[in-house]
Amino acid sequence: MTSALERLDALSLELPVLGAPKYAYEATTQWGELLFVSGQISRTGAGVVLTGRLGETVDTAEGVAAARVAALNLLARLHAAVGLDRVERVLKLTAWVSGTPDFTGQPTIVDGASQLLIDVLADAGRHARTALPAPVLPAGAVVELDAIVAVRS
């Protein structure tokens, strides 16, 4: 059996090193065996925010890539908080996708994040999900994700 870190390596992906939030909240909070991960936007490891809106300046492929970047940040927060090996299951993923009022492809975009979580965490990455539209997100990001995760003691 391969570990999540080995699967990341096989995908040629590296977890970014993320700083502390700059506002008055925690990146993660844990209550018992539940870990709540605050919103993670489509900011690359180099600190560049992937910006724009679907249906306007961002196409589907770019949106899916932005969702994968946000998911990689979510994995980095999980790893920093408890270690990926302690993830029992991603229970719920909530996603916001910046788009024009007539853009309805949020599920397609968010599948980029969902598939990455499954690729890295295997069955522990399978989750319930909500994909919501947003006219604008923090820093103009294309995608923002948060999650509720069950962790092993």
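On a predicted model such as this, the values are computed, not experimentally measured, just so you know. Each residue is numbered by its place in its chain's sequence as written, counting from 1. In keeping with the model being predicted, local features are shown solely for residues with a pLDDT of at least 70 and side-chain atom pairs are shown and tallied solely at 80 or more, while totals for entire chains, interfaces and linings include all residues. To get the side-chain values, take all heavy atoms of the structure and skip hydrogens and water.

### Observations regarding the UniProt feature "domain: Endoribonuclease L-PSP/chorismate mutase-like" (unreviewed entry) in the protein chain
UniProt positions are given in the numbering used here, feature names are shortened, and annotations may be inferred rather than shown by experiment. In this structure's numbering, the residues bearing the UniProt feature "domain: Endoribonuclease L-PSP/chorismate mutase-like" (unreviewed entry) are residues 7–141. The helix and strand labels rest on DSSP assignments: H or I over at least four residues marks a helix, E over at least two residues marks a strand, and numbering proceeds from the N terminus. For residues 7–141, the end-to-end C-alpha separation is 27 Å, with 31% helix and 23% strand making up the annotated structure.

### Some remarks on the packing of helix 2 (residues 60–81) against helix 3 (residues 106–121)
To get an axis, fit a line to the C-alpha atoms, keeping to the stretch in contact for a helix; angles then go from 0 to 180 degrees between the N-to-C directions. Look at helix 2 against helix 3: their axes get within 7 Å of each other, and the N-to-C directions meet at 40°. When the interaxial angle is binned, helix 2 and helix 3 end up oblique. Here helix 2 runs over helix 3; the crossing is right-handed. Residues Thr60, Gly63, Val64, Ala67, Arg68, Ala71, Leu72, Leu74 and Leu75 of helix 2 pack against Thr108, Ile109, Val110, Gly112, Ala113, Leu116, Leu117, Asp119, Val120 and Leu121 of helix 3. Throughout this description, any angle smaller than 35 degrees is read as roughly parallel, any larger than 145 degrees as roughly antiparallel, any in the 65 to 115 degree range as roughly perpendicular, and the remainder as oblique. Rotating anticlockwise by less than a right angle from the far helix to the near helix defines a left-handed crossing, while the corresponding clockwise rotation defines a right-handed one. Any two residues whose heavy atoms approach within 4.5 Å are treated as being in contact.

### What to know about the environment of Trp96
The residue Trp96 is located in strand 3 (residues 87–98) in this model. Look at Trp96 and you get partly exposed, because its relative accessible area is 25%. Residues Trp96 and Leu137, spaced 41 residues apart in sequence, show a C-alpha to C-alpha distance of 7.9 Å. For the exposure calls, accessible area comes from a 1.4 Å probe over protein chains only, and a residue counts as buried if that area is under 20% of its type's maximum, exposed if over 50%, partly exposed in between.

### Details of the environment of Ser114
Note that Ser114 resides in helix 3. Excluding residues that lie within four positions of it along the chain, Ser114 makes contacts with Leu93, His127 and Arg129.

### Notes on the pattern of salt bridges
Close approach of charged atoms lets side chains of opposite charge pair. One speaks of a salt bridge when a side-chain nitrogen belonging to Lys or Arg is within 4 Å of a carboxyl oxygen belonging to Asp or Glu. Summed over all chains, the structure comprises 4 salt bridges. Its salt-bridge partner being Glu56, residue Arg53 comes within 3.3 Å of it at the nearest N-O pair. According to the relative accessible area criterion, Arg53 is partly exposed, its value standing at 22%. A salt bridge links Asp123 to Arg126; its shortest N-O distance comes to 3.1 Å. Residue classification places Asp123 among the exposed residues on the basis of a relative accessible area of 53%. The class of Arg126 is partly exposed, set by a relative accessible area of 41%.

### As for the sheet that holds strand 5 (residues 143–151)
When DSSP finds two or more bridges between two strands, those strands count as paired. Reading across from one edge, 1-2-5-3-4 is the order of the 5 strands in this open sheet, with mixed pairing throughout. In this open sheet, the two edge strands, each paired with only one partner strand, are strand 1 (28–31) and strand 4 (128–134). Strand-to-strand, the axes of this sheet are offset by a mean angle of 15°, without reference to chain direction. Pairing analysis gives 4 bridges linking strand 1 to strand 2 (residues 34–41), with the strands arranged antiparallel. Bridge assignment links Thr28 to a residue of strand 2, and that residue is Val37. Against the sheet, helix 3 touches strand 3, strand 4 and strand 5, its axis set at about 155° to strand 3.

### Some points on the nonpolar core
Where a protein is soluble and globular, its nonpolar side chains tend to be buried together. One finds Leu75, Leu78, Leu121 and Leu145 to be the most contacted residues of the largest nonpolar core, which totals 38 residues. Those elements that provide at least two residues to this core are helix 1 (4–10), strand 2, helix 2, strand 3, helix 3 and strand 5. Among the elements that line this core, the one with the most residues is helix 2, at 9 residues. With near-sequence residues (within four places) excluded, Leu78 lies in contact with Leu35, Val37, Gly83, Leu84, Val87 and Val149. For the purposes of this section, nonpolar cores are sets of buried Ala, Val, Leu, Ile, Met, Phe, Trp, Tyr and Cys residues that join through side-chain atoms within 4.5 Å. Listed in part, the 5 residues of the second largest apolar core include Val49, Ala134, Leu137 and Ala141.

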